[in-house]
Amino acid sequence: MNKDAEMKQSSWDLQTSPNKPWRKVLYEKQPYPDNYTDEKMFLRDLKKNIDIKEITFLEAVAGASLLLQEFCNVVAFVLIYFYILYEWIDPFVILVSMGISTVLGFIYYRFFLSNSVENRIGSDLRTLITFIVFGRLFSPVFHTLTDTISTDTIYTMTFVMMLVHLIFFDYGVGAAIVSSSLSVSAVVFCSICLASRLSSANNAFILITTAVVMFVLFPVLRTEMNNPNSFKVLFLLLNTYFLYHVSIFATILFLLVVILICIIFPLLYVHYQKYKENIYGPWDEAIVDDADSIICNSNSIFQHSADDLR
Amino acid sequence: MTIYRICMVSDFFFPNMGGVEEHIYNLSQCLLLHGHKVVVLTHSYGDRVGVRYMTNGLKVYYLPIKVFYSQCVLPTMICNIPLIRYILIRERIDIIHGHSAFSALAHEAMLIGNLMGQKTVFTDHSLFGFADASAAITNKFIQITLSDCNHCICVSHTGKENTVLRAKVDSRRVSVIPNAVDTYSFTPDPSQRTKNHITVVVVSRLVYRKGVDLTAQIIADLCLKYKEIYFLIAGDGPKRWLLEEVRERSGLQDRVTLLGSLEHSQVRNVLVKGDIFLNTSLTEAYCMAIVEAASCGLKVVSTKVGGIPEVLPKKLIYLTEPNVPALMKGLENAIRDLKKGKVVCPYECNILVRKCYNWENISLRTEIVYQKVAQENTKELAEHLYCYLSSGVWPFLLVVSLTFIILKIYEYLVPRKYIDIAPDYNQKTPNKID
């Protein structure tokens, strides 16, 4: 019975007539069984990896360095927090150096990178004054807001929020996951959490100011300057130097992460590129312009016809 | 010829409307005429629960399962085992025929049927890309289901290529059997056409995948260029506002008629009023609409996507790329030929389509598939597990095993011998009932 069935199956498969070539049409009765597969025609329209761009190792490193920059930023911020917390540095020094670098950055940004200085300077000043007045006014509130929460919770929260910041930060790639507002909110949340551990409201204000300068203003300047490598190197060296003074173990961890980000991840990315296989074929959905452009177009058509009438 | 007891399973059946529903109904009717026994399994629609009989004694089970998302039941895999097992035993089913990759019920019933020793056939009605996450997930699901399915049917050669690629089935296990159209109800009637202007008919659901954005643009452009063009649009959907907007803005209220959604039986009455049928689908496995239009003797202008180029012979269709300029050109060619009188006689069209596609032929070809799967060996549990293993989703073996165990438990709880056997009868042998 088994053999018989197999025989029948194979005859059903191979019941071909060589007279007429098989055609990929449905409207014609062809002397081939329904499950016939023509080796020559089958999947002829299949296309793989259309206009794919092979990314070299250096390009991958350049891309990863954007993440490195933001990671260094986070580490630098946490370092500043610890230096203020343990009073290894006068908080006023931090405030002054932040102020000077902000002013320098602002001058460079407004006078060299953007043209409309006169129009914007008023609103910029107003923003600055608003921030200082309200920041200083509410710093006692920020300082005691999360006072009752235990330090362990604060540090865990800081870690999670910084991770959120790094994940959702706008690295200049148009992915769906990018959300600048979320990443900035995470950082502000972090700085308010950490501010409650500091000794005075003044220090809390300095920490929040630092967070705003480093995570709101600095990325804007950096993007405008096309992410220069000098910043990355500077941050890397400064971070390593100061971390070394705080803890050797943390320094080793930091350097390991840097190697991971800068060398291992790009290597893996480049290595696994060869497994990329995008399949295209006649079954793909055609892409059309979206409805908005059609409405706009029909608008212009309507105007044309109105012109014709006139 | 052997008579089989066939169970059609799909989430999509009347009163829901669409290509799959049409296909199941017509195929079932033809199989009934050939003396087979056909039962349809679907989920409940509103208060339509229980058993219903349709034309020629087609028995439809509306199972009391809640709809989860867009007429689909929640894919629980094990919750409906008692019910489906009971029906399969009661109706002494030989072959389970699942329809549509979206139908969770079909996947579920095919799994249960496999483990109960029945043969399974699956018809895939749609095309999938490989780009987005939802496609990747659905493709994995269909790969799991098809890994242990006896035979698969696709509605076009492009559909077969697509299924073979995404479900990784052996191409010899996939047959191509197109849909058909009831050409006896879709007959031409040239007297209904208007003499002094040209009517372009569009019949489709107004959703993005059917290319409503293209249609809207074409309405605006074509009406501006030709004063004698009128549009007749049947169908409803989330993109209807776009057509209304274009009609409003271009001041075409008198020339563009939106009929809203129609009963399938009324579609023919709309089609015969037109000269040209426009189809702007962005993806389509087979496209029933253009065959219906050709059957009514209309000139068909359609986008060249999916399986559409295979469906109609060159002289009945103007194929274009899926963009506005190409479609405009296709329509202009059709209009020019129409003005010159270069048309295939509508009645000749109908006969041509009738030769290509009729349910009689389709059901005969489906019967061949049934015969073939009926001859295949019944697999043991280990063989089933081995088949499912080939899909690469190991945890699914647990689902299969659990289903098997539940089936075994039910052999004790509700033994086979206590289940009433439904008498087989159909209109060919009505006297057997007494």
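Keep in mind that what you see is a predicted model, and the values were worked out from it rather than measured.

**Re the overall build of chain A**
Here is step 1: In terms of helices and strands, chain A carries 10 helices and two strands.
Here is step 2: Helices and strands in chain A line up, N terminus first, as α-β-α-α-α-α-α-α-α-α-β-α.
Here is step 3: Of the roughly 19,100 Å² of accessible surface on chain A, a fraction of 66% belongs to carbon and sulfur atoms.

**Regarding the overall build of chain B**
Here is step 1: Along chain B, the regular secondary structure elements total 15 helices and 16 strands.
Here is step 2: The C-alpha atoms of chain B give a radius of gyration of 23 Å, which matches the 22 Å a tight globule of 434 residues would have.
Here is step 3: If you line up chain B on its principal axes, its C-alpha atoms span 75 × 50 × 40 Å.
Here is step 4: Across chain B, the fraction of contacts at a sequence separation of at least 24, relative to all contacts at a separation of at least 6, is 73%.
Here is step 5: Counting every atom, chain B has about 17,400 Å² of accessible surface; 57% of that belongs to carbon and sulfur.
Here is step 6: For chain B, the distance from the average position of its 49 positive side-chain charges to the average position of its 40 negative side-chain charges is 3 Å.

**Some words on the nonpolar core**
Residue and element names in this part refer to chain B.
Here is step 1: The biggest cluster of nonpolar side chains holds 109 residues, and the ones touching the most others in it are F13, F231, L271, F277, I290 and Y357.
Here is step 2: Per-element tally for this core: the top contributor is helix α6 (residues 212-225), with eight residues.
Here is step 3: Ignoring any residue separated from it by four or fewer positions in sequence, one finds L271 in contact with F186, V201, V203, F277, E292, A293, C296 and L298.
Here is step 4: Counting residues in each nonpolar core, the second largest holds 46 residues, with I81, M116, C149 and V169 among its members.

**Some thoughts on the sheet that holds strand β15 (residues 299-303) of chain B**
Residue and element names in this part refer to chain B.
Here is step 1: Taken together, six strands build an open sheet; the order of strands is β13-β12-β11-β14-β15-β16 and the sheet is parallel. Edge positions in the sheet fall to β13 (256-260) and β16 (317-320), since each of these pairs with one other strand and no more. Between one strand axis and the next, the sheet turns by 20 degrees as a mean value, whatever way the strands run.
Here is step 2: Taken together, the four bridges between β15 and β16 define a ladder with parallel strand orientation. Bridge pairing in β16 places T303 opposite T320.

**Thoughts on the sheet that holds strand β1 (residues 5-9) of chain B**
Residue and element names in this part refer to chain B.
Here is step 1: Pairing within the open sheet is mixed, and its eight strands lie in the order β3-β4-β2-β1-β7-β8-β9-β10. Either end of the sheet is taken by a strand with one partner, and the two such strands are β3 (50-54) and β10 (174-176). Strand-to-strand twist of the sheet, defined as the mean angle between neighbouring strand axes without regard to direction, takes the value 25 degrees.
Here is step 2: Pairing analysis gives five bridges linking β3 to strand β4 (residues 58-63), with the strands arranged antiparallel. Paired with R52 across the bridge in β4 is V60.
Here is step 3: Strand contacts of helix α3 (residues 104-115): β1, β2 (37-43), β4, β7 (95-99) and β8 (119-124), with the helix running at about 160 degrees to β7, the strand carrying the most contacts.

**Looking at the UniProt feature "transmembrane region" (unreviewed entry) in chain A**
Residue and element names in this part refer to chain A.
Here is step 1: Summarizing the sequence annotation, UniProt attributes the feature "transmembrane region" (unreviewed entry) to residues 57-86, 92-113, 125-143, 163-192, 204-221 and 241-270 in the numbering used throughout.
Here is step 2: With 100% helix and 0% strand, residues 204-221 has end C-alpha atoms that lie 25 Å from one another.
Here is step 3: Helix makes up 97% of residues 241-270 and strand 0%, and the two end C-alpha atoms of the span are 31 Å apart.

**Considering the interface of chain A and chain B**
Here is step 1: Residue-level contacts link 40 residues of chain A with 56 residues of chain B.
Here is step 2: Of all residues in chain A, L26(A), Y27(A) and W283(A) give up the largest surface area on contact with chain B, accounting jointly for 20% of the area buried on that side.
Here is step 3: Between the two partners, chain A and chain B, sit three salt bridges.
Here is step 4: In this structure, D34(A) engages R365(B) in a salt bridge whose closest nitrogen and oxygen atoms are separated by 2.9 Å.
Here is step 5: Sorting the residues of the side of chain A that touches chain B by element identifies α1 (2-13) and α10 (291-309) of chain A as the ones contributing at least two each.
Here is step 6: For the side of chain A that touches chain B, the element with the most residues is α10(A), which contributes nine residues.
Here is step 7: A breakdown of the residues in the side of chain A that touches chain B according to their chemical character gives 22 nonpolar, eight polar and 10 charged.

**Here we look at the domain arrangement of chain B**
A common way to state how big an interface is: give the accessible area lost once the parts meet.
All names here are of chain B.
Here is step 1: Split into domains, chain B comes out as domain 1 (5-180 + 359-418) and domain 2 (190-224 + 262-356).
Here is step 2: Relative to domain 2, the C-alpha centre of domain 1 lies at a distance of 33 Å.
Here is step 3: Of the residues lining the interface, 14 residues belong to domain 1; the matching set on domain 2 comes to 10 residues.
Here is step 4: Taken together, both faces of the contact between domain 1 and domain 2 bury some 1,000 Å²; the carbon and sulfur share is 61%.
Here is step 5: When residues of domain 1 are sorted by the area they lose upon contact with domain 2, E22, L127 and N179 head the list and together hold 41% of the total.
Here is step 6: Linking domain 1 with domain 2 are zero salt bridges.
Here is step 7: Here the side of domain 1 that touches domain 2 is composed, by residue class, of six nonpolar, seven polar and one charged.

**A word on helix α11 (residues 324-340) of chain B**
Residue and element names in this part refer to chain B.
Here is step 1: Relative to the 24 Å expected for 17 residues at 1.5 Å per residue, α11 spans 24 Å between its end C-alpha atoms, a close match to the ideal helical length.
Here is step 2: Residues V324, L327, M328, G330, L331, E332, A334, I335, D337 and L338 constitute the buried set of α11.
Here is step 3: Regarding α11, its N-cap is N323, as a side-chain oxygen of that residue lies 3.0 Å from the backbone nitrogen of A326 further along.

**Observations concerning the UniProt feature "domain: Glycosyl transferase family" (unreviewed entry) in chain B**
Here is step 1: When the UniProt feature table is mapped onto this chain numbering, "domain: Glycosyl transferase family" (unreviewed entry) sits at residues 192-337 of chain B.
Here is step 2: Between the end C-alpha atoms of residues 192-337 of chain B there is a gap of 20 Å, over a span that is 40% helix and 21% strand.

**Let's talk about the pairing of strand β12 (residues 229-234) of chain B**
Residue and element names in this part refer to chain B.
Here is step 1: Most of β12 is tucked away, with five of its six residues classed as buried.
Here is step 2: Of the pairings in the sheet, the one linking strand β11 (residues 198-203) to β12 comprises six bridges and is parallel in character. Looking across to β12, one finds that V200 is bridged to F231.
Here is step 3: Taking the sense of rotation as the criterion, the β-α-β connection linking β12, helix α7 (residues 240-249) and β13 turns out right-handed.

**Details of unusual backbone geometry**
Here is step 1: Omega for the peptide link from F14(B) to P15(B) comes to 10 degrees, which places this bond in the cis form.
Here is step 2: In this structure, N227(A) is a non-glycine residue whose phi angle is positive, near 50 degrees.
Here is step 3: For M77(B), which is not glycine, the phi dihedral falls at a positive 75 degrees.
Here is step 4: Along the chain, the position of M77(B) falls in the loop between β6 (72-73) and α2 (81-90).

**Observations regarding the packing of helix α1 (residues 19-33) of chain B against helix α13 (residues 359-375) of chain B**
Residues and elements named next belong to chain B.
Here is step 1: Their axes nearest at 9 Å, the elements α1 and α13 cross at an angle of 80 degrees. Taken together, α1 and α13 sit at an angle that is classed as roughly perpendicular. From α1, E22, H23, N26, L27, C30 and L31 reach across to α13, where they touch W359, E360, I362, S363, T366, E367 and Y370.
Here is step 2: Here the residues of the contact of α1 with α13 are counted per class, giving six nonpolar, four polar and three charged.

**Some details on the packing of helix α2 (residues 57-85) of chain A against helix α9 (residues 248-272) of chain A**
Relative orientation and spacing of two packed helices are given, respectively, by the angle between their axes and the distance between those axes.
All names here are of chain A.
Here is step 1: Running from N to C, α2 and α9 cross one another at 155 degrees; their axes reach a closest spacing of 9 Å. Between α2 and α9, the crossing angle belongs to the class labelled roughly antiparallel. The handedness of the crossing between α2 and α9 comes out as right-handed. Residues F57, A60, V61, A64, L67, L68, F71, C72 and V75 of α2 pack against F254, V257, V258, I261, C262, I263, P266, L267 and V270 of α9.
Here is step 2: Of the residues in the contact of α2 with α9, the class split is 18 nonpolar, no polar and no charged.

**Observations regarding the packing of aromatic side chains**
Residue and element names in this part refer to chain A.
Here is step 1: This structure, assessed with the given rule, holds 25 aromatic pairs over all chains.
Here is step 2: Measuring from centroid to centroid gives 5.1 Å for Y81 and F82, while their planes differ by 65 degrees, and the two rings are edge-to-face.
Here is step 3: The exposure class assigned to Y81 is buried, which follows from its relative accessible area of 1%.
Here is step 4: Lying across the ring of F218, R222 places its NZ or CZ 5.0 Å from the centre.

Rules and cut-offs
- Residues numbered from 1 in each chain as written.
- Chains lettered and ligands numbered in written order.
- Predicted model: local features only at pLDDT ≥ 70, side-chain atom pairs only at ≥ 80, totals over all residues.
- Heavy atoms only, no water.
- Helix = DSSP H or I, 4+ residues; strand = E, 2+ residues; numbered from the N terminus.
- Areas by Shrake-Rupley, 256 points an atom, 1.4 Å probe, with all protein chains shown as cover.
- Rg over C-alpha atoms; globule rule 2.2 N^0.38 Å.
- Contact = heavy atoms within 4.5 Å.
- Lys, Arg positive; Asp, Glu negative; His and termini not counted.
- Charge placed at Lys NZ, Arg CZ, Asp CG, Glu CD.
- Core = buried A, V, L, I, M, F, W, Y, C linked by side-chain atoms within 4.5 Å.
- Buried < 20%, exposed > 50% of the residue type's maximum accessible area, 1.4 Å probe, protein only.
- Pairing = 2+ DSSP bridges.
- Axes fitted to C-alpha atoms, helices over the stretch in contact; angles between N-to-C directions.
- UniProt positions renumbered as here; feature names shortened; annotations may be inferred.
- Buried area = accessible area lost by both parts, 1.4 Å probe.
- Salt bridge = Lys/Arg side-chain N within 4 Å of Asp/Glu carboxyl O.
- Nonpolar A, V, L, I, M, F, W, Y, C, P; charged D, E, K, R; others polar.
- Domains from an automatic or database assignment.
- Expected span 1.5 Å × (residues − 1).
- Polar contact = N/O pair within 3.5 Å; in protein donor to acceptor, adjacent residues only side chain to side chain.
- Right-handed = clockwise from strand over helix to strand, strands pointing away.
- Parallel < 35°, antiparallel > 145°, perpendicular 65-115°, else oblique.
- Left-handed = near helix turned anticlockwise from the far one by under 90°.
- Phe/Tyr/Trp six-rings, centres within 6.5 Å; stacked < 30°, edge-to-face > 60°.
- Lys NZ or Arg CZ within 6 Å of the ring centre and 35° of its normal.

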